[in-house]
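# Structural characterization, general
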Amino acid sequence: MSKISVLFVCLGNICRSPTAHAVFQSMVDEEGLSDKVYVDSSGTGDWHIGRAPDPRSQHYALDRGFDMGDLRARLVTEDDFNQFDYIFAMDKQNLADLKAMCPSGYSGELGLFLSLCQNPDYSNYSEVPDPYYGEGEGFTLVLDLIQDASVELIRLIKGRL
Ligand code: 4NP
């Protein structure tokens, strides 16, 4: 059986989507699903290709036990639609950019990651706010939102296995 594959996409692929990548990968590993679920991340913008995640993202993620140090930014490609069962955008602009490049026959699921959030505290968030130009609390909010949505994604995927 081929793996269920999940791609997280933001703008730079150095803050939000690598955070989702590391958090969700860690949950997949904890659930013993690493041989059944493949996780990746990418960006719609090309400024940071090949770079490690933003040091602030790495710092706040590591505080919660998520190591993002080995991840490297890459650009999302049309071929990703052939490879991934789920493609999750961090914000509405990312989603619009993905829809613009999505082949008409794409049979996976393309949507906003926070549509999976279950915690009522986060019901006002449909997008993961971009923390790049802000302060530390922006990065911890990114983690809070992503951890909540990831719990639901694990539940959904376990239901498919
Ligand atoms: P990300 O954050 O999309 O969460 O990786 C950003 C990183 C870099 C830039 C914008 C957003 N930038 O303009 O360089």
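Because the structure is a prediction, the values reported are computed rather than measured.

### Here we look at the packing of helix α1 (residues 16-30) against helix α5 (residues 136-160)
At a minimum axis separation of 9 Å, α1 and α5 run at an interaxial angle of 45 degrees. Judged on the interaxial angle alone, α5 and α1 are oblique. Crossing of α1 over α5 shows right-handed handedness. Residue-level inspection shows Arg 16, Thr 19, Ala 20, Val 23, Phe 24, Met 27 and Val 28 of α1 in contact with α5, the latter providing Val 142, Leu 143, Ile 146, Gln 147, Ser 150, Val 151, Leu 153, Ile 154 and Ile 157. Classifying every residue of the contact of α1 with α5 gives twelve nonpolar, three polar and one charged.

### Comments concerning the packing of aromatic side chains
Throughout the structure, instances matching the rule amount to nine aromatic pairs. Between the aromatic rings of Tyr 60 and Phe 139, the centroid separation amounts to 6.0 Å while the plane-to-plane angle is 15 degrees, which identifies the pairing as stacked. Of the two residues, Tyr 60 sits in helix α2 (residues 55-63) while Phe 139 sits in helix α5, which places them 79 residues apart along the sequence. Looking at Phe 139, the relative accessible area reads 3%, which means it is buried. Among the aromatic side chains, those forming a connected cluster through ring pairs are Phe 8, Phe 24, Tyr 86, Phe 88 and Phe 113.

### Thoughts on the layout of surface pockets
Each pocket or cavity is described by its volume, and for the largest pocket that value is around 150 Å³. Around the largest pocket, the lining residues are Cys 10, Leu 11, Gly 12, Ile 14, Cys 15, Arg 16, Trp 47, His 48, Asp 130, Tyr 132 and Tyr 133. Of the residues in the lining of the largest pocket, the class split is seven nonpolar, two polar and two charged.

### Re the nonpolar core
Of all hydrophobic cores here, the largest spans 35 residues; its most connected members are Val 6, Phe 8, Phe 24, Phe 113 and Leu 153. Secondary-structure elements contributing two or more residues to this core are β1 (4-10), α1, β2 (37-43), β3 (86-89) and α5. Looking at which element gives the most residues to this core, the answer is α5, with nine residues. Leu 153 has contacts with Val 6, Phe 8, Phe 24, Phe 88, Phe 113 and Leu 116, leaving out every residue within four places of it along the chain. Among the nonpolar cores identified, the runner-up in size contains eleven residues, and Val 9, Leu 98, Tyr 106 and Leu 112 belong to it.

### Quick word on the pattern of salt bridges
Per the counting criterion, the structure on display carries eight salt bridges. Here Arg 16 ties to Asp 130 by a salt bridge, and the two come within 3.8 Å at their closest N and O atoms. Here the residue Arg 16 occupies a position in helix α1, and Asp 130 occupies one in the loop between β4 (109-112) and α5, the gap between them amounting to 114 residues. You can call Arg 16 buried: its relative accessible area is 2%. Here Arg 74 makes a salt bridge to Asp 40, at a shortest N to O gap of 3.0 Å. Of this pair, Arg 74 sits in the loop between α2 and α3 (80-83) while Asp 40 is found in strand β2, placing the two residues 34 residues apart along the sequence.

### Examining the sheet that holds β3
What the four strands build is an open sheet, ordered β2-β1-β3-β4; its pairing is parallel. The open sheet has two edge strands with one neighbour each: β2 and β4. If you compare each strand with its neighbour and ignore which way they point, the axes differ by 20 degrees on average. Relative to β2, β1 runs parallel, the two being bridged by seven bridges. Note on β2: the bridge partner recorded for Leu 7 is Asp 40. Those strands touched by α1 are β1 and β2, and its axis lies near 170 degrees from that of β2. Across the sheet, α5 touches β1, β2 and β3, and the angle it forms with β1 is around 155 degrees.

Parameters and conventions
- Residues numbered from 1 in each chain as written.
- Predicted model: local features only at pLDDT ≥ 70, side-chain atom pairs only at ≥ 80, totals over all residues.
- Heavy atoms only, no water.
- Axes fitted to C-alpha atoms, helices over the stretch in contact; angles between N-to-C directions.
- Helix = DSSP H or I, 4+ residues; strand = E, 2+ residues; numbered from the N terminus.
- Parallel < 35°, antiparallel > 145°, perpendicular 65-115°, else oblique.
- Left-handed = near helix turned anticlockwise from the far one by under 90°.
- Contact = heavy atoms within 4.5 Å.
- Nonpolar A, V, L, I, M, F, W, Y, C, P; charged D, E, K, R; others polar.
- Phe/Tyr/Trp six-rings, centres within 6.5 Å; stacked < 30°, edge-to-face > 60°.
- Buried < 20%, exposed > 50% of the residue type's maximum accessible area, 1.4 Å probe, protein only.
- 1 Å grid on protein atoms, 1.4 Å probe; cavity = no way out; pocket = protein on both sides within 12 Å on 5 of 7 lines; lining within 4 Å.
- Points joined across faces, edges and corners; volume = space filled by probe spheres on them.
- Core = buried A, V, L, I, M, F, W, Y, C linked by side-chain atoms within 4.5 Å.
- Salt bridge = Lys/Arg side-chain N within 4 Å of Asp/Glu carboxyl O.
- Pairing = 2+ DSSP bridges.

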